[in-house]
Amino acid sequence: MASPAKQTDKNHTFLQALRHAWAGVRVALHKERNLRRDAVAAIVVIGAAAILRARWNDWLWLLAAIWLVIFAELGNTLMEDMVDFVTKGAYSPQAKKIKDLSAGIVLLTAFFAVLVGALVFIPLVWAYFR
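Residues numbered from 1 in each chain as written. Predicted model: local features only at pLDDT ≥ 70, side-chain atom pairs only at ≥ 80, totals over all residues. Heavy atoms only, no water.

Quick notes on helix 2 (residues 33–51)
Over its 19 residues, helix 2 runs 27 Å from end to end, which matches the ideal 27 Å to within 8%, given 1.5 Å per residue. Listing the buried residues of helix 2 in full gives Leu35, Asp38, Ala42 and Ala49. Projected down its long axis, helix 2 shows its buried positions confined to an angular sector of 50°, all on one face. Turned more than 90 degrees away from the buried face of helix 2 sit Arg33, Val40, Ile43, Val44 and Ile51, all of them exposed. Of the surrounding elements, those touching the buried residues of helix 2 are helix 1 (14–31), helix 3 (56–87) and helix 4 (93–129). Of the residues one or two after helix 2, Arg53 is the one with positive phi, at around 55°. (Helix = DSSP H or I, 4+ residues; strand = E, 2+ residues; numbered from the N terminus. Expected span 1.5 Å × (residues − 1). Buried < 20%, exposed > 50% of the residue type's maximum accessible area, 1.4 Å probe, protein only. Arc of directions from axis to C-beta. Contact = heavy atoms within 4.5 Å.)

Laid out in structure tokens, this is it:
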């Protein structure tokens, strides 16, 4: 039985686009260990915020930080894969610079998320144990 033809043109429906986007997320979760760690950390943060009864504005900050980290990690994966595709895996100083810059975005985003987490959770934990 022949396999279906590979799509090379634009998506024709929203559902088709959604399927392709979700496939990209699944591939990233399967391939990228750091993204899986981020997902586990997000679940822990959400659980802790629920247990400590975070206020709605705390939830907004936490969810924004979570999504920024995930977005940065997906962008980093995209950049690394594009560079590897273009260079065919060969070393290039420019390729290294691009990958380092992309990783730097993830690092700074993670620092922001830690700062948000500290600003939200320190008062919550303090109040919980008082």
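Here the narrative resumes, following the displayed structure.
Re the pattern of salt bridges
Close approach of charged atoms lets side chains of opposite charge pair. Scanning all chains against the criterion turns up five salt bridges. Residue Lys31 pairs with Asp81 through a salt bridge whose shortest N-O separation is 2.4 Å. Here Lys31 is found in helix 1, whereas its partner Asp81 is found in helix 3, with 50 residues between them in sequence. For Lys31, a relative accessible area of 43% gives the class partly exposed. Residue Asp81 is classed as partly exposed on the basis of its relative accessible area, which comes to 34%. The shortest N-O distance in the salt bridge between Lys99 and Asp84 comes to 2.6 Å. Separated by 15 residues along the polypeptide, Lys99 in helix 4 and Asp84 in helix 3 bring together distant segments of the chain. Each of Lys31, Glu32 and Asp81 takes part in one network of salt bridges that share partners. (Salt bridge = Lys/Arg side-chain N within 4 Å of Asp/Glu carboxyl O.)

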